[in-house]
Number of protein chains: 2
Amino acid sequence: MKTPEDEQASVFRFFTEVGIIQQLISTRLETMLPGRMGATQFGILGHLARRPDGETPLQLSNAFQVPKTSMTHMLGVLEKLELVTIEPHPQDGRSKVARATQKGQAFLRECTGRMSREMAPVMSELGTQPFNAALPHLQLIREALDRARD
Amino acid sequence: MKTPEDEQASVFRFFTEVGIIQQLISTRLETMLPGRMGATQFGILGHLARRPDGETPLQLSNAFQVPKTSMTHMLGVLEKLELVTIEPHPQDGRSKVARATQKGQAFLRECTGRMSREMAPVMSELGTQPFNAALPHLQLIREALDRARD
DNA sequence: GTATGGTAATACGAAATCGTACTAAGTCAA
DNA sequence: TTGACTTAGTACGATTTCGTATTACCATAC
């Protein structure tokens, strides 16, 4: 019979595991990224690559849950690396639009490819089953957490 | 029928979801932590609280996968807040031992309690089922990733 | 004993992160 | 049209993060 304390503990363990996995993955990823480019910057690039019309800095900072001012900085770095372009927003004079460049797309493909190759040993050990099994639950949890932030 | 590309995609989605959940949780946690104390610092405190004999900075930086020098800094901050003590290692003159103080333990309890209360609405919406269902898979994946880093 | 190689922590500096305060631009009611 | 209010982005500064180089200490061989 499970007590409420056990249940709370398993939720905390869940969050701990998520934190450790994220840390292991992003550390691994960052070793094969140039300079001090971090996992979040890389995520932004991937996000933009899937959206040909680009997004505004504010949309990005909402999507990645980082402060606006951090996003300003990150986009500036990505722009200097010529991986994204930042242009004035055509409809809103206050705003900007960030898009992935060709170079950005190529860079992204190259890194994801390298990442896949790096991860191959782990993947063949694990198979895709644990990932597929966990994914629906993660999505459920993420959606609830997302709704819960006011 | 699933292609290899689909499988790779679901693994990437898994990591994406993990990243987002981690971000949502740590942002939420950090709003109720004093000053600029981050989720990792808090994790260190929790880690130490479960180990009465303490750990060395190197053990901690391995456990949390952050550079040694970051750990030096974090522990310095936690020490200044009187949440941990840092003493010379009795057996090894090169090393140190970090332990959670009483104040640290109390602080931890207070924060985890507040966190639980904050999360109550989400928890009652989700129940513990998705967490318990995902946890074994996460552990499997984490262990494999952990072994895979040389 | 001491020389040599490895390990633990840190000093230092460069860059990232993010809170506060600000400017410019949009919105909307009167 | 105007004035109050809201919103998008950024300048600035405090702090964190982390790579490099350094110092102190341990272990082993000679």
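Residues numbered from 1 in each chain as written. Chains lettered and ligands numbered in written order. Predicted model: local features only at pLDDT ≥ 70, side-chain atom pairs only at ≥ 80, totals over all residues. Heavy atoms only, no water.

Draft legend 1. Here's a closer look at the protein's contact with DNA strand D. Taken together, 20 residues are adjacent to DNA strand D, and Pro57, Leu58, Lys68 and Lys96 of chain A together with Thr69 of chain B come closest. The sugar and phosphate moieties of DNA strand D supply 66% of its atoms located within 4 Å of the protein. One of the side-chain N or O atoms of arginine 94 of chain A is found 3.2 Å from a base oxygen in DNA strand D. A distance of 3.3 Å separates a phosphate oxygen of DNA strand D from a polar side-chain atom of serine 70 of chain B. When residues of the surface near DNA strand D are assigned to their parent elements, the largest contribution, four residues, is made by helix α4 (residues 68–80) of chain B. (Near = heavy atom within 4 Å. Polar contact = N/O pair within 3.5 Å; in protein donor to acceptor, adjacent residues only side chain to side chain. Helix = DSSP H or I, 4+ residues; strand = E, 2+ residues; numbered from the N terminus.)

Draft legend 2. Region of interest: the protein's contact with DNA strand C. In the vicinity of DNA strand C, 20 residues are found, and the nearest of them are Thr69 and Gly93 of chain A together with Pro57, Leu58 and Lys96 of chain B. A share of 66% is what sugar and phosphate atoms reach among the atoms of DNA strand C within 4 Å of the protein. In the environment of DNA strand C, a phosphate oxygen lies 2.8 Å from a nitrogen or oxygen atom belonging to the backbone of glycine 93 of chain A. Interatomic distance of 3.3 Å between a side-chain N/O atom of arginine 94 of chain B and a base nitrogen of DNA strand C. Going through the elements one at a time, α4 (68–80) of chain A together with α3 (57–64) and α4 of chain B are the ones with two or more residues in the surface near DNA strand C.

Draft legend 3. Structural detail: the interface of chain B and chain A. Contacts between the two partners involve 50 residues from chain B and, on the opposite side, 50 residues from chain A. The contact between chain B and chain A buries some 4800 Å² in all, and 72% of this surface belongs to carbon and sulfur atoms. Considering only the surface of chain B that becomes buried against chain A, Ile21, Leu24 and Phe131 of chain B emerge as the three largest contributors, covering 12% of it. Along the contact surface separating chain B from chain A lie four salt bridges. For glutamate 125 of chain A, the salt bridge is made with arginine 147 of chain B, and the minimal N-O distance between the two is 2.5 Å. Counting across the chain B and chain A interface gives ten residue pairs in polar contact (both at pLDDT 80 or more). Among the secondary structure elements, those contributing two or more residues to the side of chain B that touches chain A are α1 (4–31), α5 (102–126) and α6 (129–148) of chain B. At 19 residues, α1 of chain B tops the list of elements feeding residues into the side of chain B that touches chain A. Per-class residue counts for the side of chain B that touches chain A are 26 nonpolar, 14 polar and ten charged. (Contact = heavy atoms within 4.5 Å. Buried area = accessible area lost by both parts, 1.4 Å probe. Salt bridge = Lys/Arg side-chain N within 4 Å of Asp/Glu carboxyl O. Nonpolar A, V, L, I, M, F, W, Y, C, P; charged D, E, K, R; others polar.)

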